[in-house]
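Here's the letter readout for the chains.
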Amino acid sequence: MASRKEGTGSAATSSSSTTGAAGKGKGKGGSGDSAVKQVQIDGLVVLKIIKHYQEEGQGTEVVQGVLLGLVVEDRLEITNCFPFPQHTEDDADFDEVQYQMEMMRSLRHVNIDHLHVGWYQSTYYGSFVTRALLDSQFSYQHAIEESVVLIYDPIKTAQGSLSLKAYRLTPKLMEVCKEKDFSPEALKKGNITFEHMFEEVPIVIKNSHLINVLMWELEKKSAVADKHELLSLASSNHLGKNLQLLMDRVDEMSQDIVKYNTYLRNTSKQQQQKHQYQQRRQQENMQRQSRGEPPLPEEDLSKLFKPHQPPARMDSLLIAGQINTYCQNIKEFTAQNLGKLFMAQALQEYNN
Amino acid sequence: MSRFFTTGSDSESESSLSGEELVTKPVGGNYGKQPLLLSEDEEDTKRVVRSAKDKRFEELTNLIRTIRNAMKIRDVTKCLEEFELLGKAYGKAKSIVDKEGVPRFYIRILADLEDYLNELWEDKEGKKKMNKNNAKALSTLRQKIRKYNRDFESHITNYKQNPEQSADEDAEKNEEDSEGSSDEDEDDDGVSAAAFLKKKSEAPSGESRKFLKKMEDEDEDSEDSEDDEDWDTGSTSSDSDSEEEEGKQTVLASRFLKKAPTTEEDKKAAEKKREDKAKKKHDRKSKRLDEEEEDNEGGEWERVRGGVPLVKEKPKMFAKGTEITHAVVIKKLNEILQARGKKGTDRAVQIEMLQLLVQIASENNLGEGVIVKIKFNIIASLYDYNPNLATYMKPEMWQKCLDCINELMDILFANPNIFVGENILEESENLHNADQPLRVRGCILTLVERMDEEFTKIMQNTDPHSQEYVEHLKDEAQVCAIIERVQRYLEEKGTTEEICRIYLRRILHTYYKFDYKAHQRQLTPPEGSSKSEQDQAENEGEDSAVLMERLCKYIYAKDRTDRIRTCAILCHIYHHALHSRWYQARDLMLMSHLQDNIQHSDPPVQILYNRTMVQLGICAFRQGLTKDAHNALLDIQSSGRAKELLGQGLLLRSLQERNQEQEKVERRRQVPFHLHINLELLECVYLVSAMLLEIPYMAAHESDARRRMISKQFHHQLRVGERQPLLGPPESMREHVVAASKAMKMGDWKTCHSFIINEKMNGKVWDLFPEADKVRTMLVRKIQEESLRTYLFTYSSVYDSISMETLSDMFELDLPTVHSIISKMIINEELMASLDQPTQTVVMHRTEPTAQQNLALQLAEKLGSLVENNERVFDHKQGTYGGYFRDQKDGYRKNEGYMRRGGYRQQQSQTAY
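- Chain B goes by Eukaryotic translation initiation factor 3 subunit C in an unreviewed UniProt entry, where it is assigned to Catagonus wagneri.
- Heading Sequence similarities (unreviewed entry) of the UniProt record for chain B holds this comment: "Belongs to the eIF-3 subunit C family."
- Taken directly from UniProt, the Subcellular location (unreviewed entry) text for chain B runs: "Cytoplasm".

- In the annotation of an unreviewed UniProt entry, the entry for chain A reads Eukaryotic translation initiation factor 3 subunit H, and the organism field reads Catagonus wagneri.
- The Sequence similarities (unreviewed entry) comment attached to chain A in UniProt states, word for word, "Belongs to the eIF-3 subunit H family."
- In the Subcellular location (unreviewed entry) part of its UniProt record, chain A is described as follows: "Cytoplasm".

Right under this line is the structure:
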């Protein structure tokens, strides 16, 4: 349905770049605005993702897949997708890249968009802000600038509202990641906080008119009772799980902070020692000078005082981001639940 | 044979030449090699005989011997050298020679040498063959000997005229000795033949003499396991004393007789052999009798023995004629004992001999003192029989040992005037003087202790599941009886220290036995006359409790070594615990303060301590004191090495870690099987106690983040149970407990009960208790109570109020019990509720936070610490340590106490930060 003005042009480059060669999109990274302002998803893709999870994912296990589509102006259109096969560790010779290429080639034969525009992943209670996701999204965005990652939350979806979100790394983060320097200073310089790691791209689900017609027809037929999970008042389980996860993250965060604290203490201690050493040296030199002796040779201070390795801050950033996500989730969830509870109360009163 | 013979000839020739009683003795060094040492006085007398004359003559004979050797191999150079030496030696011996006259052997060698040289001189061809040195020496020697012999001309001519006279003497001896000697004298020159023989015997002579001497010694002592040959001498000479006189006469007679035939004709010698033998025998007999005075002749007839067919006989201690006196027996005993521990001593023979000695001693009525003394030694050598510490006595040895000790005890009891003690010196022993109390060195206590150890060793080394073990175990009664006897004996005579030791032995044999009789008596209070005689007789025996009490108290009061007291206390506690006297046992354990310092004691005591603790725990369990039971067993069980800690077996896994030595040591520490504490019972008791404690605790602290485990092992079992992919009906004891725990978690006491008490578990565990039914009732009751508590903990949040009657129906407990349990829970603030008296209901307060609230509380706590940590980072940046924020932080902590119940309010206050 979508036009293919530039699609064909960039097809060759992008498909080859999935293997991780070309350094495209480097120039654009610095600019504040990102390449994609909106993501338009085909209904088919949504259904395929849901189906994939239903068939293969369970519990904390996640499913992943490749998104295909094309970029139209500042809009990313995702028109198709295919899952990564679940493979165990036994068949190590399985070549994912090979599989993807093969898949895309086949899709191309049946005249489907075969441009690689990102990937999708399911999540368990919104715990997706991880190092793995960051790395893989970075490599995607590094190769194909427009790539997005779609996060599908099956649990929320089961509660009655589809939860599908598109994320991109912010240009700032891209910059930092490119340098692979996660020291506190670098992050400070990059002015990155947990809020500025990912940017959410608004999603529009678009269906063909035919499908829309079908939907309307189906909507009329379906009974109201089918939608009642939206009105479920049970909250404790979900909330409990979220709290539990949040607590784990907080624990991790605490540990991280303790680690950082030790580092700081050590460095400051070292700084002091260094300072003392320098002073001593200076005094000695003064004395020697007064006695007419040549001053002591300068020594390499960095050799004497090896600077401590600063702990990578990326992890704590990610944890903070994750905590943020949880908090958002909980806030959202409790807000909805409160609404529901008030509604239920009102209904109760009304009935009485 | 030839050896005996030749030596004989050698010594004989000397003695005959000297014409006096003299013994050629080997050089002093040989004494050391004798297996049995002579007693002092004997040696002395012999040394006196060895006079200056002896020495000189010996020197001369030695030189002569070398010359003859040299002559034989035609080594003239050597001859020359030796001849010169001989001359000098002769000069030294001059004074003696002047007194005694020129020794015949000296003349003989001179004559022989001259003849020999002349012969060589004449033999031109031989001379040519000779090398230059020899030829030169020959001429020199010839001249020298001519010159030298001029001094002895008269002697030599005398000798040459009558060479037989001297030669005969040799020949005579030879014939007398053996068959083989007869033809030797057929040489034209008898003298040379004799000389030849002598030369031949050179080397062995010393040795054989030694040998002979040894035999002499042994004949007197007649006791050495090493050469049995000697015994026949002893046996043949076992004539009665009355023959003594007669014997002396026959000596002379035989001597006379001997000479007559030999001078006649040598060739007849063979025919005379028989006759000779008879004579010899006779000779020997007589010889035996006048042992010491005729020592020199001993050599003469002794050497004959080689030819006589040996008859092996049972060893005899004494010559028949010997009057068996104390001194003799003791001497013999000492000799036997000296061989003890030496290489090559046959221990079995030694024991046998000692036993014979006892027999002899008793036959001759030597008095009990001697017998006791020997018995002591028999037992000691029985213990010695096994050189290896690890190996154990053979059954027959063991039996012998027991009998022997019993006999010894019999004697000691029968003769109260015998004093036995370690500290009695060998010298101050009084074995036979009946006027004074008999004193014998030896310690009956040590023997009995050793016996007990041997018994333990036997038990350790027997397969506990064999009939053999049962057989051995039957001996335990004997061992106990012996210990009891010794105890009685020592109570009369022993020092307190000894009494303590024997008491400890007694205790060690008593403490682990359950006193069924006393138990029976307790159950059925005395009804008086209705009981039969036999029953009463059976009941006569002292209660083991009373016995233990008595023995232990004595030890507590009198013992000065810490170890005995410690052991006694532990055994006492064990015994109390075994008989369900929990409070006595516990108090004793606590009062003794053993828990504090037991780790400083040696491993066997520690094992005993562990056993005691386990028994204590089991006892507590029987009393329904699960908590005490759990605490007592925790140490043993939590290590997972109960088997090792109780000395009931080695763990395989540590086999690699220890070396052979350690393993041996550990093996020796093992407790015999009949003392074992059933490990499954132990584990079951532990797990059930843990279950009764842990399940309600878990229910109460379900949502507590920082809940501790009461029993790690129990949790481990639970986890193992959870990991099972397929849960079948429980098979093992552990599975039963796990299944029961699961049921209890739900408050389902009936299922729990059926899992804990059923056929399988009865067979495996509960029936092992002496009062199984009592334990089972206790257990059911416990399960009901704890299930009720668990139920209330788990489900109280669901209820607004519960009727106590319902609860009492549910758990089949009577109302007051339910009431008391619930009251207790309310008092302990375990259950937030109140009792409504009129309606008999429990009204829940519902103040316990819900799951979410709990989570929120935990989260708040965690956030608190996060903030705290974060502030530290901030502090750092500010460069201020401590100060304002620190105080603030403490504030959080303080607030927590009341926040626990605060619920929402607290959460809000937390979010404010």
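**Digging into the overall build of chain B**
- Across its full length, chain B carries 43 helices and five strands.
- Evaluated residue by residue, chain B yields a buried proportion of 48% over its 913 residues.
- Within chain B, residue pairs in contact and separated by at least 24 positions form 68% of the contacts whose partners lie at least 6 positions apart.
- Carbon and sulfur atoms provide 51% of the accessible area of chain B, an area that totals close to 46,500 Å².

**What to know about the interface of chain B and chain A**
- Taken together, the 15 residues of chain B in the interface contact 19 residues of chain A.
- Interface area, chain B with chain A, both sides summed: about 1,500 Å², of which 72% is carbon and sulfur.
- Run the count over chain B and chain A and you get one salt bridge.
- Notably, a salt bridge pairs Lys862 of chain B with Asp251 of chain A, separated by 3.1 Å at the nearest N-O pair.
- Between chain B and chain A we count one residue pair in polar contact (both at pLDDT 80 or more) in total.
- Among the residues making up the side of chain B that touches chain A, the classes are represented as seven nonpolar, six polar and two charged.

**Topic: the sheet that holds strand β5 (residues 148-152) of chain A**
All names here are of chain A.
- Taking strand neighbours across the sheet as the criterion, the eight strands line up as β7-β6-β5-β4-β2-β3-β1-β8 in an open arrangement whose pairing is mixed. Edge positions in the open sheet fall to β7 (198-201) and β8 (203-206), since each of these has one partner strand only. Averaged over all pairs of adjacent strands, the angle between their axes in this sheet comes to 35 degrees, without regard to strand direction.
- Here four bridges tie strand β6 (residues 164-169) to β7, and the two strands are oriented antiparallel to one another. Residue pairing in the sheet places Tyr167 in a bridge with Glu200 of β7.

**Section: the packing of helix α33 (residues 679-700) of chain B against helix α38 (residues 772-795) of chain B**
All names here are of chain B.
- Direction vectors running N to C along α33 and α38 enclose 15 degrees, while the axes themselves pass 7 Å from each other. As judged from the angle between their axes, α33 and α38 are roughly parallel. In terms of crossing hand, the pair formed by α33 and α38 is left-handed. Residues Val688, Leu692, Ile695, Pro696, Ala699 and Ala700 of α33 touch α38, and the partners they reach there are Leu779, Lys782, Ile783, Glu786, Arg789, Thr790, Phe793 and Thr794.

**A look at the nonpolar core**
All names here are of chain B.
- Among the nonpolar cores identified, the biggest contains 151 residues, and Ile756 and Trp766 are the most heavily contacted of them.
- The dominant element in this core, judged by the number of residues it contributes, is α33, at 13 residues.
- Judged by nonpolar contacts, the second largest core, of 36 residues, contains Ala89, Tyr90, Ile156 and Tyr159.

**Some remarks on a nonpolar patch on the surface**
- On the surface, Leu233, Leu338, Leu341 and Phe342 of chain A cluster together to form a nonpolar patch covering roughly 390 Å² of accessible area.
- Mapped onto the elements of the fold, Leu341 of chain A is located in helix α11 (residues 314-351).

**Looking at a negative patch on the surface**
- A surface patch of negative charge is lined by Glu175, Glu179, Asp181 and Glu185 of chain A.
- Looking at where Glu175 of chain A falls in the secondary structure, it is placed in helix α6 (residues 171-179).

**Some remarks on helix α8 (residues 132-149) of chain B**
All names here are of chain B.
- An ideal rise of 1.5 Å per residue puts 26 Å on 18 residues; α8 measures up with 25 Å between its terminal C-alpha atoms.
- If you check which residues of α8 are buried, you get Asn134, Ala137, Leu138, Leu141, Arg142, Ile145, Tyr148 and Asn149. The buried side chains of α8 occupy one side of the element, clustering within an arc of 140 degrees when seen end-on. Pointing more than 90 degrees away from the buried face of α8 are the exposed residues Lys132, Lys136, Gln143 and Lys147.

**Examining unusual backbone geometry**
Residues and elements named next belong to chain B.
- Here the phi dihedral of Glu812 falls at roughly 55 degrees; this positive angle occurs in a residue that is not glycine.
- Since its relative accessible area comes to 45%, Glu812 is described here as partly exposed.
- Positive phi is not limited to glycine here, since Gln840 has a value of about 55 degrees.
- Residue position: Gln840 is located in the loop between β4 (833-836) and β5 (841-844).
- Assessed through its relative accessible area of 19%, Gln840 is described here as buried.

**Side note on the packing of aromatic side chains**
All names here are of chain B.
- Applying the stated rule across the entire model yields 20 aromatic pairs over all chains.
- Where Phe413 meets Tyr489, the ring centres are 5.8 Å apart and the plane angle is 80 degrees; that geometry is what we call edge-to-face. Here Tyr489 lies in helix α21 (residues 467-493) and Phe413 lies in helix α19 (residues 395-414), a separation of 76 residues in the sequence.
- Arranged with centres 5.9 Å apart and planes meeting at 10 degrees, the rings of Phe621 and Trp766 form a pair that is stacked. Within this pair, whereas Phe621 is found in helix α29 (residues 603-622), its partner Trp766 is found in the loop between α37 (759-764) and α38, the two being separated by 145 residues in sequence.
- Overall, Trp766 belongs to the buried group, its relative accessible area being 0%.
- A network of ring pairs unites the aromatic residues Tyr791, Tyr795, Tyr799 and Phe811 as a single cluster.

**Topic: the packing of α38 of chain B against helix α39 (residues 804-811) of chain B**
All names here are of chain B.
- Orientation of α38 relative to α39, taken along the N-to-C sense of each, is 130 degrees, at an axis distance of 10 Å. If you check the angle between α38 and α39, you find them oblique. Judged by the sense of rotation from one axis to the other, the crossing of α38 with α39 is right-handed. Facing α38, whose interface residues are Gln784, Ser787, Leu788, Tyr791 and Leu792, α39 presents Leu807, Met810 and Phe811.
- Within the contact of α38 with α39, the residues separate by chemical class into six nonpolar, two polar and no charged.

**Some thoughts on the confidence of the model for chain B**
All names here are of chain B.
- Residues of chain B with pLDDT of at least 70 account for 64%, and the chain-wide mean is 70.
- Across chain B, element-level confidence peaks in helix α40 (residues 815-827) with a mean pLDDT of 91 and bottoms out in helix α43 (residues 904-911) with 41.
- Every residue in residues 166-264 is under pLDDT 50, and counting partners more than four places away or in other chains gives 194 contacts.
- Across residues 882-913, confidence stays below pLDDT 50; counting only partners more than four residues off in sequence or on other chains, it has 28 contacts.
- Interface confidence for the predicted complex, expressed as ipTM, amounts to 0.72; the pTM equals 0.56.

**Section: the pattern of salt bridges**
Residues and elements named next belong to chain B.
- Taken as a whole, this structure holds 34 salt bridges over all chains when the rule is applied.
- Note that Glu471 is salt-bridged to Lys474, the shortest N-O span being 3.3 Å. Pair noted here: Glu471 and Lys474 are both in helix α21, with a separation of three residues, about one helical turn.
- Since its relative accessible area comes to 40%, Glu471 is described here as partly exposed.
- Its relative accessible area of 51% is what places Lys474 among the exposed residues.
- Between Lys750 and Glu812 there is a salt bridge, with its nearest N and O atoms 3.3 Å apart. Taken together, the residues Lys750 in helix α36 (residues 749-756) and Glu812 in the loop between α39 and α40 connect sequence positions 62 residues apart.

**Some details on the UniProt feature "modified residue: Phosphoserine" (unreviewed entry) in chain A**
Residue and element names in this part refer to chain A.
- Within this structure's numbering, the places UniProt gives as "modified residue: Phosphoserine" (unreviewed entry) are Ser183.
- You can see Ser183 is positioned in the loop between α6 and α7 (184-190).
- Overall, Ser183 belongs to the buried group, its relative accessible area being 15%.
- When residues no more than four places from it in sequence are discounted, the contact partners of Ser183 are Pro310 and Arg313.

**Things to note about the pairing of β6 of chain A**
Residues and elements named next belong to chain A.
- For β6, the tally of buried residues reaches five of six residues, placing the bulk of the element in the interior.
- In the sheet, β5 pairs with β6 via four bridges, with the strands oriented antiparallel. Residue pairing in the sheet places Ile151 in a bridge with Lys165 of β6.

Rules behind the numbers
Residues numbered from 1 in each chain as written. Chains lettered and ligands numbered in written order. Predicted model: local features only at pLDDT ≥ 70, side-chain atom pairs only at ≥ 80, totals over all residues. Heavy atoms only, no water. UniProt positions renumbered as here; feature names shortened; annotations may be inferred. Helix = DSSP H or I, 4+ residues; strand = E, 2+ residues; numbered from the N terminus. Buried < 20%, exposed > 50% of the residue type's maximum accessible area, 1.4 Å probe, protein only. Contact = heavy atoms within 4.5 Å. Areas by Shrake-Rupley, 256 points an atom, 1.4 Å probe, with all protein chains shown as cover. Buried area = accessible area lost by both parts, 1.4 Å probe. Salt bridge = Lys/Arg side-chain N within 4 Å of Asp/Glu carboxyl O. Polar contact = N/O pair within 3.5 Å; in protein donor to acceptor, adjacent residues only side chain to side chain. Nonpolar A, V, L, I, M, F, W, Y, C, P; charged D, E, K, R; others polar. Pairing = 2+ DSSP bridges. Axes fitted to C-alpha atoms, helices over the stretch in contact; angles between N-to-C directions. Parallel < 35°, antiparallel > 145°, perpendicular 65-115°, else oblique. Left-handed = near helix turned anticlockwise from the far one by under 90°. Core = buried A, V, L, I, M, F, W, Y, C linked by side-chain atoms within 4.5 Å. Patch = residues over 30% accessible without salt bridge, like charges linked within 9 Å, V, L, I, M, F, W, Y side chains within 5 Å. Lys, Arg positive; Asp, Glu negative; His and termini not counted. Charge placed at Lys NZ, Arg CZ, Asp CG, Glu CD. Expected span 1.5 Å × (residues − 1). Arc of directions from axis to C-beta. Phe/Tyr/Trp six-rings, centres within 6.5 Å; stacked < 30°, edge-to-face > 60°. pLDDT = per-residue confidence, 0-100.

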